[in-house]
Amino acid sequence: MSGAPQVGVGVGVVGGGAWGTALAQMLASDGREVLLWAREADVVEAVNTEHRNPRFLPGSDLHPSIRATGALADLAALPMLLMVTPAQHLGAVLGQLSPRGADIVLCAKGIEQTSGRLMSDVAAAAAPGAALAVLSGPTFAHEVADGLPTAVTLACAGGEAQWARLAPVIARPAFRPYYSADVIGASIGGAVKNVLAIACGVVEGLGLGANARAALISRGFAEMQRLGLAMGAEAETLAGLSGLGDLVLTCSSSESRNFALGMALGAEGDRTGGAAALLAERSTVAEGAFTAPVLVRVAEERGIAMPIAEGVAALLEGTISPRALVAKLLARPLRAEAPLG
């Protein structure tokens, strides 16, 4: 495959949630035809008849060049696909899709629970003939849909040749991708920040103030660095948009589903075991809740200390209360601060 797709050449977005719909809206802003796959029949109907997605992205009027479908086979022959399904379903959806030599841009953030694999490894196994890239960075869906300024990392396993294909399709005046070849780093940043956002939400829910949240972001970033470097990521990627940038955004606003989950947990104070009920009543996925236990397992296998992630996993399992989690972190042995310590 060579040369960048031109306006009018279809691009597929797999996943009709808020982020998938926002990406479809961004891609269609220059009149490009975008085919959006959604599992929910009402989403398909609303996009095609009303040019809206009231279930997941209310308030946004969608471009008429976006068409929705409930049939994965409709996307199989497209030259470029953005995968925006929840992380735990990526492998199964790609396996059903069986793309033929397409550029696959991974937009889901997480680690597969059953195997401990990054999304790039899951996709490589499920679609061995595809050219993989990872799109990650500080992004709230509604802001991208509204055309507000956004910058992201586009990490291309295929190097600069793949970047030359993808960047003209993805870049917009208000949506700026930055090139990277570090697929591992972009994948790790997006997964770890979701878990850390739950911890920051707990601090907010407990009313512990901005000082505590800033400390958690800083020490959480050290955890992200330790794991990332051990798994082969580049320090520059972890300190960039897909690492630190996404971490700061996700840990600072209740618009983040993971931060909002942490806030709800923190509001329970000394109570344990509330995570299951909170997760059951939510219609959208807080991916950090699925990532936390497997993240801890992956870190332990490599001998990497991640006390904040461990605390979040324990909180979600119901073995510690929000207030006890914070007390445990504050009671850790005193030591010198080191970026990777």
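As shown above, the structure is provided for reference.
The rules behind each value
- Residues numbered from 1 in each chain as written.
- Predicted model: local features only at pLDDT ≥ 70, side-chain atom pairs only at ≥ 80, totals over all residues.
- Heavy atoms only, no water.
- Helix = DSSP H or I, 4+ residues; strand = E, 2+ residues; numbered from the N terminus.
- Rg over C-alpha atoms; globule rule 2.2 N^0.38 Å.
- Buried < 20%, exposed > 50% of the residue type's maximum accessible area, 1.4 Å probe, protein only.
- Contact = heavy atoms within 4.5 Å.
- Areas by Shrake-Rupley, 256 points an atom, 1.4 Å probe, with all protein chains shown as cover.
- Lys, Arg positive; Asp, Glu negative; His and termini not counted.
- Charge placed at Lys NZ, Arg CZ, Asp CG, Glu CD.
- Polar contact = N/O pair within 3.5 Å; in protein donor to acceptor, adjacent residues only side chain to side chain.
- Salt bridge = Lys/Arg side-chain N within 4 Å of Asp/Glu carboxyl O.
- Pairing = 2+ DSSP bridges.
- Axes fitted to C-alpha atoms, helices over the stretch in contact; angles between N-to-C directions.
- Parallel < 35°, antiparallel > 145°, perpendicular 65-115°, else oblique.
- Left-handed = near helix turned anticlockwise from the far one by under 90°.
- Nonpolar A, V, L, I, M, F, W, Y, C, P; charged D, E, K, R; others polar.
- Right-handed = clockwise from strand over helix to strand, strands pointing away.

Visitor: Lay out the overall build of the chain in plain terms, naming residues and giving numbers.
Guide: The secondary structure content of the chain amounts to 15 helices and 8 strands. A compact globule built from 341 residues should have a C-alpha radius of gyration of about 20 Å, and the chain, at 20 Å, falls within 12% of that. Along the longest, intermediate and shortest principal axes, the C-alpha atoms of the chain span 60 × 40 × 35 Å. Every one of the 341 residues in the chain was classed for burial, and the buried ones make up 54%. Taking the contacts inside the chain whose residues are at least 6 apart along the sequence as the reference set, 69% of them involve residues at least 24 apart. Entry remark: accessible area of the chain is about 13800 Å², with carbon and sulfur atoms responsible for 54%. Distance from the positive charge centre (24 side chains) to the negative charge centre (30 side chains) of the chain: 3 Å.

Visitor: Got a sec to walk through the side chain of Asn-53? Specific residues and values, please.
Guide: Residue placement: Asn-53 occurs in the loop between α2 (41-50) and β3 (66-69). Exposure remark for Asn-53: the relative accessible area of 1% places this residue in the buried category. A polar atom in the side chain of Asn-53 sits 3.2 Å from the backbone nitrogen of Phe-56. Not counting chain neighbours up to four residues away, the residues in contact with Asn-53 comprise Gly-16, Gly-17, Thr-21, Val-43, Val-47, Pro-58 and Leu-62.

Visitor: Got a sec to walk through the side chain of Glu-112? Specific residues and values, please.
Guide: By secondary structure assignment, the location of Glu-112 is in the loop between β5 (103-106) and α4 (119-126). What makes Glu-112 buried here is its relative accessible area of 11%. Ignoring any residue separated from it by four or fewer positions in sequence, one finds Glu-112 in contact with Gln-88, Arg-117, Met-119, Val-122 and Val-294.

Visitor: Got a sec to walk through the pattern of salt bridges? Specific residues and values, please.
Guide: Following the criterion strictly, the structure yields 12 salt bridges and no others. A salt bridge links Arg-39 to Glu-40; the nearest nitrogen and oxygen atoms lie 3.5 Å apart. Of the residues examined, Glu-40 reaches a relative accessible area of 13% and is grouped as buried. Put simply, Arg-52 and Glu-50 hold a salt bridge, and the shortest N to O gap is 3.8 Å. The class for Arg-52 is partly exposed, based on a relative accessible area of 25%. Looking at Glu-50, the relative accessible area reads 47%, which means it is partly exposed.

Visitor: Account for the environment of Gly-129, with residues named and values stated.
Guide: Within the secondary structure, Gly-129 is located in the loop between α4 and β6 (131-136). Accessibility expressed as a relative area gives 54% for Gly-129, which makes it exposed. C-alpha separation for the pair Gly-129 and Gly-220, spaced 91 residues apart in sequence, amounts to 36 Å.

Visitor: Now, about the sheet that holds strand β2 (residues 34-37): what can you tell me, with residues and values included?
Guide: Spatially, β3-β2-β1-β4-β5-β6-β7-β8 is the arrangement adopted by the 8 strands of the open sheet, whose pairing is mixed. Each end of this open sheet is capped by a strand with a single partner; those strands are β3 and β8 (175-180). The mean inter-strand angle of the sheet, taken between neighbouring strand axes irrespective of direction, is 25 degrees. Helix-sheet contacts for helix α10 (residues 241-250) involve β6, β7 (150-156) and β8, and the interaxial angle to β7 is about 145 degrees.

Visitor: Now, about the packing of helix α3 (residues 90-97) against α4: what can you tell me, with residues and values included?
Guide: Orientation of α3 relative to α4, taken along the N-to-C sense of each, is 25 degrees, at an axis distance of 9 Å. When the interaxial angle is binned, α3 and α4 end up roughly parallel. α3 and α4 meet at a crossing whose hand is right-handed. Note on element contacts: α4 touches α3 through Met-119, Val-122, Ala-123 and Ala-126, opposite Leu-90, Gly-91, Leu-94 and Gly-95. Partitioned by chemical class, the residues of the contact of α3 with α4 number 6 nonpolar, 2 polar and no charged.

Visitor: Could you give an account of the pairing of β5, with specific residues and numbers?
Guide: Residues Asp-103 and Val-105 line one face of β5 and the alternating positions Ile-104 and Leu-106 line the opposite face, and both faces are buried. Inspection of the sheet shows strand β4 (residues 80-83) paired to β5 by 4 bridges, in the parallel sense. Residue pairing for β5: Met-83 is matched across the bridge by Leu-106. For the handedness criterion, the β-α-β arrangement of β4, α3 and β5 is classed as right-handed. Handedness of the crossover joining β5 and β6 through α4: right-handed.

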